[in-house]
Structure formats: C-alpha cells, structure tokens
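Residue-level structural notes
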Amino acid sequence: SGTTRPMRILHYVQRSAKCGDVLSVISAIDSFCSKVEWAMNVGDKKGEILDAVVLETRPRYVLELGTYCGYSTMRIARLLPPGARLITIEMNSHYAQVAKELFQHAGLDAQDKSAEKRPAGPTCKVELLLGSSSVLIPQLKKKLDIDKFDLVFIDHWKVSYLPDTRLLEECGLLKSGSVLLADNVTCPGAPDYLEYVRNSPRYRSQYFPSQLEYLQVEDGVEKSVFLG
Ligand SMILES: O=c1[nH]cnc2c(O)cc(-c3ccc(F)cc3)cc12
Ligand SMILES: [Mg+2]
C-alpha cells in the first residue's frame, strides 16, 4: 500500500492548513481524524485538558514521551513562552519524520536533535529526539543540559509509562511540583502506572475523565504532581 496513515495526515494538512498557522494545523488534523481516518492523537477533547494543565503549570522545561505526528507537541508548544524548551521523544523514525514536516508547515521553530547539522544548544522551542525513551531519558542531563522537567506528557506505549516514570525519578529529572500528565490511562489503559501514582506517597494524583480521541469511548488523563 502506497501511503501510511501519518503520510495521509501530513498531505491533508499540507493541502488544507495555512502555512505558519499552528492552530490551523491542529484543527486540520482534528478534522481529518474525525471525518476521514482515526489516528492516535490526543485529540481536541483531551487536548483541552492538556492545554489547561500547560497554562496552569507555566512550564519552562517540558518532556513529551511519544511524539507520533506531533499533534500534542504543537498543542503544548503554542502555549509556551519564548525561552521554554520542549523535548519530545519518538522511537519510530517514520512518525518522527512526519512530525518534523508538520512542525515546518506550522512554522514551529523545531529542530531534530539527532541531526548533527543544526547549531548546538537550544536555538528553538521544540527538540525532537529519535530513539527509545528508556535509552534517552538517562542521557538528557548530559546531552541537552537539562536539569529538571516542570511538566512531562506521557503518551507513548502503555507498558513504558511506569518504568519510564521510575527512570525519571532515578535520573533526578523531577523536582517537587513537577507535573506528570498521562494520556490513555483508561483506554487502552495503564493499570500498573495508575496503581503506582495513586498509591505512592510521592505523588498527588487526579483523574480527568474524558473520551478517547474522536470517539464516544471513555478515556481520561491522569495528572500527578511529584512531591519530591
Ligand atoms: O499506542 C498509543 N500511544 C499513544 N496514545 C495512544 C492513544 O491515544 C490511543 C491508542 C488506542 C486506543 C484504542 C484503540 F483501540 C487503539 C489504540 C493507542 C495509543
Ligand atoms: Mg494517547
């Protein structure tokens, strides 16, 4: 089969969203995925919860686990002040490539950190890392000169939610007040992660009920504040 789903999203956006207009790219993805073909973006309903948490947290350092086509990356980036840094990790190189092209269409100042040709240091807001989160998380402090994250959006593979959270703790990447926001804690579900953040004395956790992107199926996001 010729094209992939991410490519079909990209082509629809390139045809129908205004260049340099990140809101029109976000709404074009939502209209494609609600009218033409479902895709695993956080979507507009859970996206509004994400927006509210970003605005409330006013983060300077953000980590996203699971870029996919970059829909939530763009939702977050549009709400960050200049000088803030958004690191997004994707292990699928095709997804990462499509995300980069969507960022370009949106006029988002993004760079592919795995590409050597760009100048060193944070010249822009979004830094896309290609690789496995479990391999890259322990390298963030040294490679990217990051100390702690104010906000982590967890939206990759459900079996990695808990081990990667433990890894963030062990690598000293969370500070008292750091916020974890996890997508899909109901569908497909991340039961071991939920059990951990809801029972650990080191987190104050809150569930925001919503619906699975573009469908009438129950899902929700879990906001967990690290208490140090
Ligand atoms: O694998 C996923 N990663 C990140 N987000 C996801 C997401 O929002 C939804 C789903 C998903 C949900 C229902 C279904 F029937 C099939 C896939 C998967 C992921
Ligand atoms: Mg998701």
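Thresholds applied
- Residues numbered from 1 in each chain as written.
- Chains lettered and ligands numbered in written order.
- Predicted model: local features only at pLDDT ≥ 70, side-chain atom pairs only at ≥ 80, totals over all residues.
- Heavy atoms only, no water.
- Helix = DSSP H or I, 4+ residues; strand = E, 2+ residues; numbered from the N terminus.
- Buried < 20%, exposed > 50% of the residue type's maximum accessible area, 1.4 Å probe, protein only.
- Contact = heavy atoms within 4.5 Å.
- Areas by Shrake-Rupley, 256 points an atom, 1.4 Å probe, with all protein chains shown as cover.
- Lys, Arg positive; Asp, Glu negative; His and termini not counted.
- Charge placed at Lys NZ, Arg CZ, Asp CG, Glu CD.
- Axes fitted to C-alpha atoms, helices over the stretch in contact; angles between N-to-C directions.
- Parallel < 35°, antiparallel > 145°, perpendicular 65-115°, else oblique.
- Left-handed = near helix turned anticlockwise from the far one by under 90°.
- Donors = N, O, S within 2.8 Å, 3.2 Å for Na, K, Ca; no water.
- Nonpolar A, V, L, I, M, F, W, Y, C, P; charged D, E, K, R; others polar.

Along its length, the protein chain carries 10 helices and 8 strands. Split into buried and exposed, the 228 residues of the protein chain put 54% on the buried side. For the protein chain, contacts bridging at least 24 residues in sequence account for 70% of all contacts bridging at least 6. Total accessible area computed for the protein chain in this model is approximately 10,200 Å², and 54% of it derives from carbon and sulfur atoms. Separation of charge centres in the protein chain, based on 28 positive and 28 negative side chains, amounts to 4 Å.

Before going further, it helps to examine the packing of helix α1 (residues 5–16) against helix α2 (residues 22–35). In contact at an axis separation of 9 Å, α1 and α2 are set at 125° when each is read in the N-to-C sense. Judged by the angle between their axes, α1 and α2 are oblique. Crossing geometry of α1 relative to α2 is assigned as right-handed. Every residue of α2 that contacts α1 at R8, I9, Y12, V13 and S16 is listed here: V25, A28, I29, S31, F32 and C33.

Structurally, the position occupied by S200 is in the loop between α10 (191–199) and β7 (203–211). Of the residues examined, S200 reaches a relative accessible area of 10% and is grouped as buried. Taking C-alpha positions, S200 is 36 Å from H94, a pair spaced 106 residues apart along the chain.

At this site the magnesium ion (ligand 2) is bound by D155 (OD), D183 (OD) and N184 (OD1), with donor distances of 2.0 to 2.2 Å. Positions of the donor residues of the magnesium ion (ligand 2), expressed as sequence spacing, correspond to D-x27-D-N. Of this pair, D155 sits in the loop between β5 (149–154) and α8 (161–170) while N184 is found in the loop between β6 (174–182) and α9 (185–189), placing the two residues 29 residues apart along the sequence. With a relative accessible area of 13%, D155 lands in the buried category. Under the relative-accessibility criterion, N184 is labelled buried at 10%.

Right, let's talk about the packing of α8 against α10 for a bit. Two numbers describe how α8 lies on α10: the axes approach to 7 Å, and their chain directions differ by 40°. Relative to α10, α8 is oriented oblique. Residues Y161, L162, T165, R166 and E169 of α8 form the contact with α10, whose own contacting residues are D192, Y193 and Y196. Of the residues assigned to the contact of α8 with α10, the class counts are 4 nonpolar, 1 polar and 3 charged.

In this structure, P188 follows C187 across a cis peptide bond, with omega equal to 5°. In this model, R58 sits at a positive phi of 45°, which is unusual for a non-glycine residue. Along the chain, the position of R58 falls in the loop between α3 (43–57) and β1 (61–65). Its identity is not glycine, yet D145 carries a phi of approximately 60°, on the positive side. Inspection of the secondary structure puts D145 in the loop between α7 (140–144) and β5.

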